[in-house]
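In case you want the letters, here they are:
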Amino acid sequence: MHCTDEDIVKEVLAGRTQRYAEIVTRYQNPVYNLMFRYTRHELDAADLTQDVFFKAFNRLSSYQSERSLFSWLYTLAVNVAIDWSRASTRMQTKTPPLEELHATYPTNRNPAIRFEDRERGALLERALTLISAETREILLLRYRHEQPIKEVAKIFGMSESAVKMRIKRGLEQLQGILQEMNNHEQ
């Protein structure tokens, strides 16, 4: 039987703390991917992911079920990532692999098409690294994680209209970067 996030949270708060592992299992990939986009280092991303789930466990009583657990957890994760970013003095030069943006294509597709898909994905990866971290996360939340504007606004502490404007500008920025990259490759 599939339990809702809210059911699991109630059980954890009632003392069945081993159920928290289900929350970690459900959300560790998006949290890890967020941390990797900030740190561009596997071990740092893993450490920060662990920190997020530790903090979330300790703050679970502050979770309010009218909000999705994913949004609540992602808000916490974004704040941990931003704090890490501010404290970090290291320069990050390695491009993060944003595999979660790439669609999965059937392996029986034409190899030339699969190659073109990978090329487009790599181009998008590079373009995403050239926009601000906050705008990148807003776009990924909206399009990759299919979060409603209202939830994205809550996560970033912005108005819905500010999020819509950030999405519009972010997409325009990405489009411009991609066009420029295409022009340089020709």
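Keep in mind that this is a model prediction, so the values were computed, not measured. (Residues numbered from 1 in each chain as written. Predicted model: local features only at pLDDT ≥ 70, side-chain atom pairs only at ≥ 80, totals over all residues. Heavy atoms only, no water.)

Student: If you had to explain the packing of helix α1 (residues 5–13) against helix α2 (residues 20–39) to someone new, which residues and values would you point to?
Tutor: At a closest axis distance of 9 Å, the pairing of α1 and α2 adopts a crossing angle of 145°. Packed against α1, whose contacting residues are D5, I8, V9 and V12, the element α2 presents Y20, E22, I23, R26 and Y27 at the interface. Along the lines of polarity and charge, the residues of the contact of α1 with α2 split into 6 nonpolar, no polar and 3 charged. (Axes fitted to C-alpha atoms, helices over the stretch in contact; angles between N-to-C directions. Helix = DSSP H or I, 4+ residues; strand = E, 2+ residues; numbered from the N terminus. Contact = heavy atoms within 4.5 Å. Nonpolar A, V, L, I, M, F, W, Y, C, P; charged D, E, K, R; others polar.)

Student: Which residues make up the packing of aromatic side chains, and what values go with them?
Tutor: We describe a pair of aromatic rings using the distance from one ring centre to the other and the angle between the two ring planes. Under the counting rule described, the total for this entry stands at 5 aromatic pairs. Considering the side-chain rings of Y20 and F57, the 5.0 Å spacing of their centres and the 70° angle between planes classify their relative orientation as edge-to-face. Placement of the pair is Y20 in helix α2 and F57 in helix α3 (residues 42–58), with a sequence separation of 37 residues. The class of Y20 is buried, set by a relative accessible area of 8%. (Phe/Tyr/Trp six-rings, centres within 6.5 Å; stacked < 30°, edge-to-face > 60°. Buried < 20%, exposed > 50% of the residue type's maximum accessible area, 1.4 Å probe, protein only.)

Student: How would you sum up the nonpolar core? Please name residues and give values.
Tutor: Considering soluble globular proteins, one finds that nonpolar side chains tend to be buried as a cluster. If you look at the biggest cluster of nonpolar residues, it comprises 48 residues, and the most contacted ones within it are M35, V52, L73, F156 and V163. Going through the elements one at a time, α1, α2, α3, α4 (69–87), α5 (111–129), α6 (133–144), α7 (149–156) and α8 (160–185) are the ones with two or more residues in this core. Looking at which element gives the most residues to this core, the answer is α4, with 11 residues. Those residues in contact with V163 that sit more than four places away from it in its chain are I138, I149, V152, A153 and M158. (Core = buried A, V, L, I, M, F, W, Y, C linked by side-chain atoms within 4.5 Å.)

Student: Would you mind going over the side chain of E151 in detail, with residue names and values included?
Tutor: Along the polypeptide, E151 turns up in helix α7. Beyond its immediate stretch of four places on either side in the chain, E151 contacts R67, S68 and S71.

Student: Tell me about the environment of Q18, and name the residues and values.
Tutor: Residue placement: Q18 occurs in the loop between α1 and α2. Accessibility expressed as a relative area gives 51% for Q18, which makes it exposed. Along the sequence, Q18 and I8 sit 10 residues apart, while their C-alpha atoms lie 9.9 Å from each other.

Student: Go over the pattern of salt bridges with me, naming the residues and quoting the values.
Tutor: This model, assessed by the stated rule, comprises 11 salt bridges. With its nearest N and O atoms 2.7 Å apart, the salt bridge here joins E134 to R166. Pair noted here: E134 is in helix α6 and R166 is in helix α8, with a separation of 32 residues, a long-range link. Exposure remark for E134: the relative accessible area of 27% places this residue in the partly exposed category. One salt bridge connects E151 with K154, and the closest N-O pair in it is separated by 3.8 Å. Within this pair, E151 and its partner K154 are both found in helix α7, separated by 3 residues, close to a single helical turn. Residue K154 is classed as partly exposed on the basis of its relative accessible area, which comes to 36%. Taken together, the shared-partner salt bridges connect E11, R16, R19 and E22 into one network. (Salt bridge = Lys/Arg side-chain N within 4 Å of Asp/Glu carboxyl O.)

Student: Run through the packing of α4 against α7, naming residues and quoting values.
Tutor: At a closest axis distance of 9 Å, the pairing of α4 and α7 adopts a crossing angle of 35°. You can see that α4 and α7 cross each other, and the crossing is right-handed. From α4, S71, Y74, T75 and V78 reach across to α7, where they touch E151, K154, I155 and F156. (Left-handed = near helix turned anticlockwise from the far one by under 90°.)

Student: If you had to explain α3 to someone new, which residues and values would you point to?
Tutor: Residues that lie three or four places apart on an α-helix share one face, since the helix turns once every 3.6 residues. In this model, α3 (17 residues) spans 24 Å end to end at C-alpha, consistent with the 24 Å of a helix rising 1.5 Å per residue. Taken together, the buried positions of α3 are occupied by D44, A45, L48, T49, V52, F53 and A56. When α3 is viewed along its axis, its buried side chains cluster within an angular range of 170° and face the same direction. Among the exposed residues of α3, those pointing more than 90 degrees away from its buried face are L43, Q50 and F54. Summarising the contacts, the buried residues of α3 are in contact with α2 and α4. (Expected span 1.5 Å × (residues − 1). Arc of directions from axis to C-beta.)

Student: Got a sec to walk through α6? Specific residues and values, please.
Tutor: Buried residues of α6: T135, R136, E137, I138, L139, L140 and L141, and no others. Once α6 finishes, E146 follows within two positions and takes phi at roughly 50°, a positive value.

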